[in-house]
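# Remarks on the overall topology
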Amino acid sequence: MNNQKIIIINYNMGNLGSIVNMIKKIGYSCLVTSDVNEILKAYKIILPGVGSFDYGIKNLKSLGIYDVIFKKVLDGKTPILGICLGMQILTEGSEEGTEKGFGFIKGFARKFDFKDNKLKIPHIGWNTINIKKNSKLFKDMESQENRFYFVHSYAVECDDKKDILTTTFYGYEFVSSFEKENVIGVQFHPEKSHKFGMQLLRNFIEEY
């Protein structure tokens with residue numbers, strides 16, 4: 001792979017160890033880093049994240065890696081997988097804050113808004129997904145019920161329905177993953193989703 005690497009972006013937004021362990025389980029090595037030179041070598045980028053939208057964007061910028069990621073993904077067409085907050089950061093923004101996201105996906109993250117108060121926010125726990133279009137991300141997974149682990153209070157609304165990869169029901173149907181060319185985002189945590197997450201990460205690494 002000519003010294004290219006699977007890079008997990010470290011911008012101080014959550015524990016990244018479980019993602020590293022999952023990637024090792026499926027037989028690959030990766031590097032957790034915020035080093036610009038290492039990110040430039042990436043042939044796959046994973047952008048995880050737990051926490052607030054604005055804090056995440058400010059951390060990426062203060063570390064000097066926001067523009068590097070932007071160019072790698074937009075100009076270099078490097079595949080990127082955004083997980084949870086990382087997914088939301090790939091969009092135009094979030095009503096949680098005022099900072100602008102990368103804007104790779106036309107859309108916006110909005111807080112769950114239920115007409116009744118029976119459902120708790122955040123949405124925590126296992127839930128199923130409904131695959132809306134063919135994707136390499138779900139290779140060898142189409143014929144089974146896929147269950148993933150969620151922890152989130154905000155969900156992305158996509159302007160272009162063609163970008164929606166899966167939906168999930170929690171009070172109402174929301175976008176649980178999207179895909180547009182080399183940009184992929186998942187609202188759930190594949191690193192906490194056992195065999196389902198393992199297969200998804202394998203597909204991201206091997207098929208893109």
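Up top is the structure these notes are about.
Right, let's walk through the structure included here. Here the residue numbering is sequential within each chain, running from 1 through the sequence in written order. Local features in a predicted model are, by the rule used here, given only for residues with pLDDT of at least 70; side-chain atom pairs are given and counted only at 80 or more, and totals for whole chains, interfaces and linings are based on all residues. Hydrogens and water are ignored here; the side-chain numbers use all heavy atoms of the structure.

Next up on the list: the overall build of the chain. Starting at the N terminus, helices and strands are each numbered in turn, a helix being any DSSP run of H or I of at least four residues and a strand any DSSP run of E of at least two. When helices and strands are counted, the chain shows 6 helices and 12 strands. Here the radius of gyration uses the C-alpha set of atoms, whereas the globule reference equals 2.2 Å times the residue count to the power 0.38. Compactness check: the chain gives a C-alpha radius of gyration of 16 Å against a globular reference of 17 Å for 208 residues, within 12% of the reference. Only protein chains enter the accessibility calculation, which uses a 1.4 Å probe; a residue is then buried when its area is under 20% of its type maximum, exposed when over 50%, and partly exposed in between. Burial analysis of the chain (208 residues in total) assigns 52% to the buried set. Relative to all contacts within the chain whose residues are 6 or more apart in sequence, the contacts with residues 24 or more apart total 72%. Note on areas: Shrake-Rupley with a 1.4 Å probe; residue coverage comes only from the protein chains shown. Carbon together with sulfur atoms contributes 46% to the accessible area of the chain, which is approximately 9900 Å² in total. Taking the average place of the 28 positive charges on the side chains of the chain and the average place of its 24 negative ones, the gap between the two points comes to 3 Å. Should any heavy atoms of two residues lie within 4.5 Å, those residues are considered in contact. A positive count includes Lys and Arg, and a negative count includes Asp and Glu. His and the chain ends are not counted in either. Charged groups are reduced to one reference atom each: NZ for lysine, CZ for arginine, CG for aspartic acid, CD for glutamic acid.

What follows covers the side chain of Thr78. Mapped onto the fold, Thr78 is located in the loop between helix H4 (66–74) and strand E4 (80–83). Here Thr78 falls in the buried class, since its relative accessible area comes to 7%. Residues within four places of Thr78 in sequence aside, it is in contact with Ala42, Tyr43, Lys44, Ile45, Lys72, Val73 and Asn182.

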